[in-house]
Amino acid sequence: MKFIVSSSYLLKQLQVLGGVINNSNTLPILDNFLFELNQNQLTVSASDLETTMSAVLEVESDSEGSIAVPARLLLDTLKTFPEQPLTFVVEDNNTIEISSNHGKYALAYADGAEFPNAVELADPSATTVIGDILATAISKTIFASGNDDLRPVMSGVFFQFSTEGLIFVATDAHKLVKYQREDVTAAQTAEFIMPKKPLTLLKGILAGSESDVTIEYNDSNAKFTFDNMELICRLIDGKYPNYEAVIPKENPNKLTIDRTQFLSSVRRVSIFSNKTTHQIRLKIAGAELNISAEDIDYSNKAEERLNCDYQGDDMQIGFNSRFLVEMLNNLNSDNVSLEMSLPNRAGILTPVDGLDEGEKITMLVMPVMLNN
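Residues numbered from 1 in each chain as written. Predicted model: local features only at pLDDT ≥ 70, side-chain atom pairs only at ≥ 80, totals over all residues. Heavy atoms only, no water.

Details of the environment of Thr171
(1) Moving on: Looking at where Thr171 falls in the secondary structure, it is placed in strand E12 (residues 166-171).
(2) Moving on: C-alpha of Thr171 to C-alpha of Ala144: the two residues are 27 residues apart in sequence and 5.2 Å apart in space.
(3) Moving on: Apart from the residues lying within four places of it in its own chain, the contact partners of Thr171 are Ala144, Ser145, Gly146, Met154, Leu176 and Tyr240.
(4) Moving on: Here Lys175 takes part through its backbone oxygen, which lies 2.8 Å from a polar atom of the side chain of Thr171. (Helix = DSSP H or I, 4+ residues; strand = E, 2+ residues; numbered from the N terminus. Contact = heavy atoms within 4.5 Å. Polar contact = N/O pair within 3.5 Å; in protein donor to acceptor, adjacent residues only side chain to side chain.)

A look at the pairing of strand E13 (residues 175-181)
(1) Moving on: Most of E13 is tucked away, with 7 of its 7 residues classed as buried.
(2) Moving on: Along E13, one buried face is formed by Lys175, Val177, Tyr179 and Arg181 and the opposite face, lined by Leu176, Lys178 and Gln180, is buried too.
(3) Moving on: Here 6 bridges tie E12 to E13, and the two strands are oriented antiparallel to one another. The residue bridging Ala170 from the neighbouring strand is Val177, located in E13.
(4) Moving on: Counting the residues in the hairpin turn of E12 and E13 gives 3 residues, including Ala173, whose phi is positive at 80°.
(5) Moving on: Sheet analysis places E13 next to strand E26 (residues 359-365), joined by 7 bridges and oriented antiparallel. For Leu176, the partnering residue across the bridge sits in E26 and is Leu364. (Buried < 20%, exposed > 50% of the residue type's maximum accessible area, 1.4 Å probe, protein only. Pairing = 2+ DSSP bridges.)

Brief notes about the sheet that holds strand E4 (residues 51-58)
(1) Moving on: One open sheet holds the 9 strands; their spatial order is E9-E5-E2-E3-E4-E17-E16-E15-E10, and the pairing between them is antiparallel. Each of the sheet's edge strands pairs with one partner strand only, and the pair in question is strand E9 (110-111) and strand E10 (125-130).
(2) Moving on: Packed on one face of the sheet, helix H1 (residues 7-18) meets strand E2 (32-38), strand E3 (41-47), E4 and strand E17 (229-234) and runs near 170° to E4.
(3) Moving on: The sheet strands contacting helix H2 (residues 71-79) are E2 and strand E5 (64-70), and the helix crosses E5 at an angle near 85°. (Axes fitted to C-alpha atoms, helices over the stretch in contact; angles between N-to-C directions.)

In structure tokens:
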């Protein structure tokens, strides 16, 4: 088995696939990349049993074979090469030899047959989405998903596909984000919960990509195919909570404000808040928003006044500043609106502008009780 490939092209592809490999694996074979050569096509795969990702690379070769190569060692070596062709030759003594312009390097390899096979999806449904739209949907929601092992369904992003559009939801019970696309639809209705790790990988690869991504899914697995890559992952098992039930429908008090100004103000004031609760107080009256925080233990306090557009009754409401900062950071609009009903009901944050046609974002943040 022998092939020739460009060093930077190989490195670029392997760095993407390397994101799948865990630092500590239960099976030693998972510390390797699987190389499957078929004439001038080299398929490289990486897996952690839950997620398997593979890429098809164009190489110069007329042989066939399959071996597992140590991932860390190969990546570290490739990072040091300037752009040049590299020749890989499998030797008899169970090593693969890499020849560059300046030298030779031998790595011990394992038998490719030991590598776990990727799951085949039986009878899947499919939807096609543009890469950048999927990457945006992931980055707008993934930050709101939880880390609680006791509630695994909340540790992922809920995909809801229908003939009307696509909905992506993430929540950790304190904050919730619902991202909708009405300009992209699916042939039939489907719901599944995607784990964080494969989503983070997809987000990184697909940002700014104009290529189509085909999403195939059944009850237990999902498969994403685009360009020369394929990612298959196991879905999170369980029923997603009824998120519609927690979004308050009647919100008579509506505040509209410049997003960057609001964000900077919350950031500054929150420095003076209690280090465990991160609580800030919003006091709205007329066209003025008063943001304050106090840490009684250390006698620290801060207060800022901002001009805003407000329709509704005067009110005071408390929020965890970290959640507000995360949400405001994840929007790109110039202005945002915060809709509220009562100080103990969730506030709804939405962008006023800067959305594509058919795009909708609703963010919900739970209040914290104010101690007057």
